[in-house]
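# Residue-level structure breakdown
This is what each chain is made of:
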Amino acid sequence: MPSLEGWDLLFAIGPFGLSRTPSLSPSTAPHQPLSCWVLQLKKRVCHDFLSCLPILGYLWLQILLQHPLGLQLSRNEILVQMVSVGTEKITYLVIMQMMKFAWDNYKQYALGKNELRPLTKNGHIGNMFGGLRGATVIDALDTLYIMELEEEFQEAKKWVEKSFDLNVNGEASLFEVNIRYIGGLLATYYLTGEEVFKSKALELGEKLLPAFNTPTGIPRGVINLGRNDSLLCFSADLSLCLDLVMNIRRVLNKVEKPQGLYPNFLSPVTGNWVQHHVSIGGLGDSFYEYLIKSWLMSDKKDLEAKKMYDDALEAIEKHLVKKSAGGLTYIAEWRGGILDHKMGHLACFSGGMIALGAEHAGEERRQRHMDLAAEITNTCHESYARSDTKLGPEAFRFDAGSEAMATRLSERYYILRPEVVESYLYLWRLTHNPKYRQWGWEVVEALEKHCRVEAGFSGIRDVYTTTPTHDNMQQSFFLAETLKYLYLLFCEDDVLSLDDWVFNTEAHPLPVNHTNFKAAVQQ
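Worth saying up front: this structure is predicted, and the values here are computed from it rather than measured. (Residues numbered from 1 in each chain as written. Predicted model: local features only at pLDDT ≥ 70, side-chain atom pairs only at ≥ 80, totals over all residues. Heavy atoms only, no water.)

## A short note on the overall build of the protein
Regarding its fold elements, the protein presents 18 helices and 16 strands. Buried positions account for 57% of the 523 residues belonging to the protein. Of all intrachain contacts in the protein linking residues separated by at least 6 positions in sequence, the fraction that spans at least 24 positions is 66%. Within the structure as shown, the protein displays about 21,600 Å² of accessible surface, and the carbon and sulfur contribution to it stands at 53%. (Helix = DSSP H or I, 4+ residues; strand = E, 2+ residues; numbered from the N terminus. Buried < 20%, exposed > 50% of the residue type's maximum accessible area, 1.4 Å probe, protein only. Contact = heavy atoms within 4.5 Å. Areas by Shrake-Rupley, 256 points an atom, 1.4 Å probe, with all protein chains shown as cover.)

This is how it looks when you write it as structure tokens:
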């Protein structure tokens, strides 16, 4: 792909690379939509800078067509013009190449394991998934398909068909298995229509259902995948699935909420709060996200979910949203009535969530929430911009004179997380402000510079040094979320349109239900 140093070579060669790509004639390509333009190039994913020369040469020629004296432009002036002519086209292909690089190395060194360790060139299994393997395969499926990396998608599909073993017996995180495995399989089924993905999702889903066998119906957080007391709701009675969800909502609506806020821990035995820690970040983030997304996924028929979201956001605005001395808006955490003036990287999804909800609010509320979404996303961008690597820390604080920076050594790391670019995507789709694409490109550059290693991508231990130590882990969500959100940021809006698709919290797209789901289930 075009490295930062590669730009210098581009300025030296000028338009001569065009001779390698005669089909990209300047008389036709500029008038084609981006999706059509990239379709011509999808088989030409750049594996190194030289293979990108035709594309870059084409953009160089466009600059010369617009500026007859283009050869007299300075290096920076040329770069500015290139950005205006076709940054999204270059970035499209760069991100495809990043995905291919991440997948190829996982396939070579860790296929069947849950994650790749790129420094030691081996795989990692861990104990989060109860003995399940191939988390990166399942997480990557829909991204490979969306990017039209057909050969790589077929490799992943073959592994699911031949090697994905569900006969395991171990303690698994209900949440993580659901968002990664169930989400990845269902999304790929809805995108492709191929039954193997649905059947695997149903089989695994039934293994998760015993978690709901509690006095309150609130599921346990950990489930033994070897248990065999399933409610069989996936295959026998889909209405029972809805009953499980409705029962959980009844418990939540009944329990007293401190100042209208939802603490992170609820006992599945008593239905009472275990403690009063409220966070829009880790442990609490997906709850709020799924309220507004349940409403959207129901084609705006699930009014209970919408009301729960509106009430929760009102409490968050009233009690948690704060503005720093430097003018940065953030969402604090709440611990038994005392505010902790920090935001985790995980909380940076909230800019996108609030924007998504604002799109469907009344005029006054819509503008207020869009402004709030933009301010929070700007704050999260600042957490990146204020680091030496231009990548954000795991958490950043607003105290002791520090703003949007990690003040503790234990919070300075970056593990390829997606939440900031997730918000860039939603804000771009809903406002088309070009700064969100520019910010996304900055993340691409930082990932390439600081996280790309010989055999994949790795997290880093300190974002505040330009020579960071790598953590030797290519997280599965990097392929599922970070690269997918970056890719979609530079796509046309009709690629996985927000009118027709809803992303789960692992960025797996599920279709909006444009029918009466309850009525269909009861037939």
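## Examining the environment of L430
Secondary-structure assignment places L430 in helix α15 (residues 419-431). L430 sits 75 residues away from A355 along the chain, and the two C-alpha atoms are 7.5 Å apart. Beyond its immediate chain neighbours, meaning those up to four positions away, L430 contacts A355, L356, E359, M370 and L498.

## What to know about the packing of helix α5 (residues 135-146) against helix α17 (residues 476-489)
Axis separation between α5 and α17 bottoms out at 7 Å; the angle between their running directions is 15 degrees. Between α5 and α17, the angle falls in the class roughly parallel. Classified by chirality, the crossing of α17 by α5 is left-handed. Residues A135, T136, D139, A140, D142, T143 and I146 of α5 lie in contact with α17, whose contacting residues are S476, F477, L479, A480, K484, Y487 and L488. For the contact of α5 with α17, the per-class residue count stands at 8 nonpolar, 3 polar and 3 charged. (Axes fitted to C-alpha atoms, helices over the stretch in contact; angles between N-to-C directions. Parallel < 35°, antiparallel > 145°, perpendicular 65-115°, else oblique. Left-handed = near helix turned anticlockwise from the far one by under 90°. Nonpolar A, V, L, I, M, F, W, Y, C, P; charged D, E, K, R; others polar.)

## Some words on the sheet that holds strand β12 (residues 402-405)
Strand order in the open sheet formed by 3 strands is β10-β11-β12, with antiparallel pairing between adjacent strands. The strands lining the two open edges of the sheet, one partner per strand, are β10 (342-344) and β12. Across the sheet, the mean angle separating the axes of adjacent strands is 10 degrees when strand polarity is ignored. Inspection of the sheet shows strand β11 (residues 395-399) paired to β12 by 3 bridges, in the antiparallel sense. Along β12, the bridge assignment pairs R397 with M405. (Pairing = 2+ DSSP bridges.)

## Brief notes about the side chain of S286
For S286, the position within the fold is in helix α11 (residues 285-297). Here the side chain of S286 touches T505 through a polar contact of 2.9 Å, side chain to side chain. Filtering out sequence-adjacent residues up to four positions away, S286 remains in contact with F175 and T505. (Polar contact = N/O pair within 3.5 Å; in protein donor to acceptor, adjacent residues only side chain to side chain.)

## Quick look at the nonpolar core
Buried together is how nonpolar side chains tend to be arranged in soluble globular proteins. Judged by nonpolar contacts, the single largest core of 137 residues is most densely connected at L132, V160 and L447. The leading source of residues in this core is helix α4 (residues 75-110), at 13 residues. Residue contacts for V160: discarding those within four places in its chain leaves V137, I138, L141, L185, V196, F197 and K200. (Core = buried A, V, L, I, M, F, W, Y, C linked by side-chain atoms within 4.5 Å.)

## Quick notes on a nonpolar patch on the surface
A cluster of nonpolar residues, F265, V274 and L283, forms a patch on the protein surface that exposes about 300 Å² of accessible area. Looking at where F265 falls in the secondary structure, it is placed in the loop between α10 (238-254) and β5 (277-278). (Patch = residues over 30% accessible without salt bridge, like charges linked within 9 Å, V, L, I, M, F, W, Y side chains within 5 Å. Salt bridge = Lys/Arg side-chain N within 4 Å of Asp/Glu carboxyl O.)

## A look at the packing of helix α13 (residues 350-358) against α15
At a minimum axis separation of 7 Å, α13 and α15 run at an interaxial angle of 30 degrees. It follows from the interaxial angle that α13 and α15 lie roughly parallel. Here α13 and α15 pass one another in a crossing that is left-handed. Between α13 and α15, the residues in contact are S350, G351, G352, A355 and L356 and S423, Y426, L427 and L430, respectively. Considered class by class, the residues forming the contact of α13 with α15 number 5 nonpolar, 4 polar and no charged.

## What to know about helix α8 (residues 195-208)
Between its first and last C-alpha, α8 extends 20 Å over 14 residues, near the 20 Å set by a 1.5 Å rise per residue. Here α8 has its buried residues at V196, F197, K200, A201, L204, G205, E206, K207 and L208. (Expected span 1.5 Å × (residues − 1).)

## Considerations on the pairing of β11
Along β11, 4 of the 5 residues are buried, which leaves the element largely enclosed by surrounding structure. In the sheet, β10 pairs with β11 via 3 bridges, with the strands oriented antiparallel. By the bridge assignment for β11, M343 is matched with F396. If you look at the hairpin formed by β11 and β12, you'll find 2 residues sitting between the two strands, and A400 has a positive phi there, around 50 degrees.

## Topic: helix α6 (residues 150-163)
With 14 residues, α6 extends 19 Å between its outermost C-alpha atoms, agreeing within 8% with the 20 Å of an ideal straight helix rising 1.5 Å per residue. Every buried residue belonging to α6 is among E152, F153, A156, K157, W159 and V160, and all of these are buried. For α6, the arc enclosing every buried residue in end-on projection is 155 degrees, short of the 170-degree limit, so these residues lie on one face. Exposed positions of α6 whose direction lies more than 90 degrees from the buried face are E151, K158 and K162. (Arc of directions from axis to C-beta.)

## Brief notes about unusual backbone geometry
Most of the time, phi is negative for any residue but glycine, and the peptide bond is trans. In this structure, K300 is a non-glycine residue whose phi angle is positive, near 65 degrees. Phi angles above zero are rare outside glycine, and L496 is one such case at about 55 degrees. In this fold, L496 is placed in the loop between α17 and β15 (501-503).

## Quick word on the environment of L447
Looking at where L447 falls in the secondary structure, it is placed in helix α16 (residues 435-451). For the pair L447 and S458, spaced 11 residues apart in sequence, the C-alpha separation works out to 9.0 Å. Leaving out residues up to four positions away in the same chain, L447 has contacts with M98, L391, Y414, L416, R452, F457, F478, T482 and L486.

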